[in-house]
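Inside the fold
Single-letter residue listing:
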Amino acid sequence: MEFNRSDSGSSLQSEINITPLVDVVLVLLIIFMVVVPLLMQGYDVNIPKTSTNATPAQSQESRLILIISPTTCRILGPLAGEGLPTDCRVILGDQKIAATELPARVGDILGNRPAEKRVLFLAADDRANYEGVLRILDLAKSGVEDLKVEFITTN
Amino acid sequence: MRLGEGAKMQASINVTPLVDVVLVLLIIFMVMAPQMRKGPDVSLPKTEKPTQQGDERGRILVSIDQAGGLWINDNAVAPEHFGEALRAAVGAETDPKVVIRGDAKLNFRQVREAMQAIEQTGFRGVGLIAKGRNSGTRGE
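Just so it is clear, the structure is predicted and the values come from calculations on it, not from any experiment.

Let us now look at the overall build of chain B. Counting secondary structure elements, chain B contains three helices and seven strands. Listing the helices and strands of chain B from first to last along the sequence gives α-β-β-β-β-β-α-β-α-β. In chain B, which comprises 140 residues, the share counted as buried stands at 31%. Contacts spanning at least 24 positions in sequence make up 73% of the contacts within chain B whose residues lie at least 6 apart.

Okay, here's the thing in structure tokens:
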């Protein structure tokens, strides 16, 4: 058998066959196109029971409460652009701090607690903008791993 | 001219143009599909780094549109029927998870009311859906 004689026997194929490649890419494309729009991102939060008097998981003193009030942070209307207003302040525990300090403060207070006790109680004013509340929640969660958030709801 | 001589006959059908056309159709439909969904038009809040909430299939989606209207999955629900509609959506699922897709322009009150209604149906936790800065998640 002689392989080097291209003018006889079966003709040699000089191009790469890309059909299997196209098939694989097609299938990958289908998989990603179907899956990506269905993935969601967000924040897990807990709502305390309003119907029954559930026993608090922690004693009153060790609870960390974050209060979002439109009087200290101007998030009444829809937010313009990214981030929060620059002079936005929130009340963490009993201190009024700038929202930008929130990750560091939450990390300081909750970082050395065991994971199951890293709970932040969040009280947000009804008039506050939802997106603003979520951005503050995002800041608080970025300070410490595995932070559980409990919303405090009134009435 | 006699067939069988001259130019060599090709025995297999050339499928490359077919694959190309199918590919383009697929892309068109995939791009269109999210817009063809029923259900509300919610512009999700944009935040820095929301955590992954997984696949929206198998979750009960509670949406609150810009006007404050409540939706469960793809159906509009009156606030007074919200509880029973949510129970109907839960159906026989053993471990359902509820997520709230609230519009960025809402007041927190409207989201809180939805959360309390969900709590009264027996759920302790919900996921609040947001849109990460660099994500391609639906909800434009």
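With a phi angle near 55 degrees, D146 of chain A is a residue other than glycine that sits in the positive phi range. You can call D146 of chain A exposed: it has 10 C-beta atoms within 10 Å. The phi dihedral of N73 of chain B falls on the positive side, at around 50 degrees, and the residue is not glycine. Relative to the assigned elements, N73 of chain B resides in the loop between β4 (70-72) and β5 (75-77). Overall, the presence of 15 C-beta atoms within 10 Å leaves N73 of chain B in the partly exposed class.

Looking along a regular strand, one sees the side chains alternate between the two faces of the sheet. In this structure, strand β1 (residues 39-46) of chain A lies alongside strand β2 (residues 51-55) of chain B, joined through four bridges in antiparallel fashion. Of the residues in β2 of chain B, the one forming a bridge with L39 of chain A is D55 of chain B.

On to the interface of chain B and chain A. Between chain B and chain A, the residue contacts involve 47 residues of the former and 37 residues of the latter. The set of elements that each furnish at least two residues to the side of chain B that touches chain A consists of α1 (16-36), β1 (46-47), β2, β6 (97-102), α3 (108-120) and β7 (125-132) of chain B. Looking at side-chain class alone, the side of chain B that touches chain A contains 18 nonpolar, 16 polar and 13 charged residues.

Our next topic: helix α2 (residues 102-110) of chain A. Taken together, the buried positions of α2 of chain A are occupied by L102, R105, V106 and L110 of chain A. One side of α2 of chain A holds all its buried residues, which, seen down the axis, span an arc of 105 degrees.

Time to look at the environment of P48 of chain A. Residue and element names in this part refer to chain A. In this structure, P48 sits in the loop between β1 and β2 (64-68). Taking the C-beta count within 10 Å as the criterion, P48 has 16 such neighbours and is therefore assigned partly exposed. Sequence-wise, P48 and L38 are 10 residues apart; in three dimensions their C-alpha atoms are separated by 29 Å.

Right, let's get into the environment of V31 of chain B. Residue and element names in this part refer to chain B. Inspection of the secondary structure puts V31 in helix α1. You can call V31 exposed: it has 11 C-beta atoms within 10 Å. Sequence spacing of V31 and P96 is 65 residues, and the spatial spacing of their C-alpha atoms is 29 Å.

Quick look at the environment of T153 of chain A now. You can see T153 of chain A is positioned in the segment after β6 (148-151). Sequence-wise, T153 of chain A and L122 of chain A are 31 residues apart; in three dimensions their C-alpha atoms are separated by 8.7 Å.

Residues and elements named next belong to chain A. Between α2 and helix α3 (residues 130-142), the least distance of the axes is 7 Å, while the angle of their chain directions is 45 degrees. Looking at the two axes, α2 sits oblique to α3. In the packing of α2 onto α3, the handedness of the crossing is right-handed. Residues L102, P103 and V106 of α2 lie in contact with α3, whose contacting residues are I136, L139, A140 and S142. Broken down by class, the residue content of the contact of α2 with α3 amounts to six nonpolar, one polar and no charged.

About the criteria used
Throughout this document, residue positions are counted from 1 along each chain, in the order its sequence is written. For this description, chains carry letters from A and ligands carry numbers from 1, given in the order in which they are written. With the structure being a predicted model, the display of local features is reserved for residues of pLDDT at least 70 and the display and counting of side-chain atom pairs for 80 or more, all residues being used for whole-chain, interface and lining totals. Strands are runs of DSSP state E lasting at least 2 residues, helices are runs of H or I lasting at least 4, and numbering of each runs from the N terminus. Residues with at least 20 neighbouring C-beta atoms inside 10 Å of their own are called buried, those with 12 or fewer are called exposed, and the rest are partly exposed, where every C-beta is derived from the backbone. Distance between backbone-placed C-beta atoms decides contact: two residues are in contact if it is within 7 Å. Any two strands with at least two DSSP-identified bridges between them are counted as paired. As a working rule, the residues Ala, Val, Leu, Ile, Met, Phe, Trp, Tyr, Cys and Pro are called nonpolar, Asp, Glu, Lys and Arg charged, and the rest polar, with Gly in that last group. To obtain the arc, one takes the directions from the helix axis to the C-beta atoms. For helices, the axis comes from a line fit to the C-alpha atoms of the stretch in contact; other axes are also lines fit to C-alpha atoms, and the angle between any two N-to-C directions lies between 0 and 180 degrees. Angles below 35 degrees are treated as roughly parallel, those above 145 as roughly antiparallel, those between 65 and 115 as roughly perpendicular, and all remaining angles as oblique. Note: crossing handedness is left-handed where the near helix turns anticlockwise from the far helix by less than a right angle, and right-handed where it turns clockwise.

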